Amino acid sequence: MTEQTPKIVYRFGNNVYLNITNRCPNLCVFCIKTKWKMDFHGNNLNLSGNEPSALELLQALEDELKKAPFNEVVFCGYGEPTMRLEVLLYVAQTLKGWQAQAKFPPFKIRLNTNGLGARINHKPIVSDLRRVIDIVNVSVNAENAAKWRELVRPEAAYEDAYDDVVSFLQDCVDAGFEKVILSCVENTGADTQALAKLAEQTKSTLYVRSFLDEDN
Ligand code: SF4
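Undergrad: I would appreciate a short explanation of the sheet that holds strand β9 (residues 205–209) in the present structure.
TA: Sheet strands line up and pair through hydrogen bonds in the backbone, either parallel or antiparallel. A sheet is described by the order of its strands in space; here seven strands give the open sequence β1-β2-β5-β6-β7-β8-β9, paired in mixed fashion. In this open sheet, the two edge strands, each paired with only one partner strand, are β1 (9–12) and β9. Strand-to-strand, the axes of this sheet are offset by a mean angle of 25°, without reference to chain direction. Its contacts with the sheet place helix α8 (residues 192–202) against β8 (179–185) and β9, and it is angled at close to 170° to β8.

This is the structure:
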């Protein structure tokens, strides 16, 4: 049963996830936050507009990380993390410090993003992210702009943003993150062969996830 108190930090598999916002300029046809009523495997991720501060996130994170081993700390949640870029960068910077101090066994810091962060923040963000994030997963989701609009249903201000998503992916590869993932969802009508080609061209790694899969 879903807990009433929203989770700002939760576990899934071997990873620990941060739920920093529910806001997102997209309304993807496959987004499970609607289908699962803001629940994720028994975790209530509905922040109800009360977004956690960086200090609240770090306190909850430290408590969780002490409990059991983990491989990655992932900025994900039911929302787009770059909507809160300053909080994201502050928390990730602290995590980098914990990595450097070996406060916990070796782990990676991953960002799952819809690739709209530069548009959302009206400035380039890749170099700031590069300093504090190890792995970036960009949900490209479609092989062209028309299919992207159909699948991610962006707000009007972002309807022309497919090329920006692909540019963000390429910028991340060029910036030298440890790994850059191009992700999409199976059985949505996206052409996974064309996306595999795009991954090859951009030198990113294709990840096709199942429709109701783990970390979107
Ligand atoms: S980008 Fe992510 S959070 Fe936003 S609507 Fe799509 S699946 Fe949901």
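Following the structure, the description resumes.
Undergrad: Would you explain the nonpolar core in this entry?
TA: Ranked by internal contacts, the top residues of the largest apolar core, which has 57 residues, are L18, V136, V138, V140, V165 and L169. Broken down by element, the residue count for this core peaks at seven residues, all from helix α7 (residues 162–175). Setting aside residues no more than four positions away along its own chain, L169 makes contact with G115, V138, V140, V180, L182, T202 and S204.

Undergrad: Just checking my understanding: could you explain the site of the ligand for this structure?
TA: Around the ligand sit 13 residues, and of these C24, N26, C28, C31 and N114 come closest. Considered class by class, the residues forming the shell around the ligand number six nonpolar, five polar and two charged.

Undergrad: Could you clarify how one ought to interpret the pairing of strand β5 (residues 72–75) in this entry?
TA: Residues in a regular strand project their side chains so that they alternate between the two faces of the sheet. Inspection of the sheet shows strand β2 (residues 15–18) paired to β5 by four bridges, in the parallel sense. Its bridge partner lying in β5, V16 is registered against V73. Bridge analysis of β5 against strand β6 (residues 108–113) gives four bridges, and the strand direction is parallel. Within the sheet, the bridge partner assigned to F75 lies in β6 and is L111.

Scoring rules and cut-offs
- Residues numbered from 1 in each chain as written.
- Predicted model: local features only at pLDDT ≥ 70, side-chain atom pairs only at ≥ 80, totals over all residues.
- Pairing = 2+ DSSP bridges.
- Helix = DSSP H or I, 4+ residues; strand = E, 2+ residues; numbered from the N terminus.
- Axes fitted to C-alpha atoms, helices over the stretch in contact; angles between N-to-C directions.
- Contact = placed C-beta atoms within 7 Å.
- Core = buried A, V, L, I, M, F, W, Y, C linked by C-beta atoms within 7 Å.
- Buried ≥ 20, exposed ≤ 12 C-beta atoms within 10 Å, placed from the backbone.
- Near = placed C-beta within 6 Å.
- Nonpolar A, V, L, I, M, F, W, Y, C, P; charged D, E, K, R; others polar.

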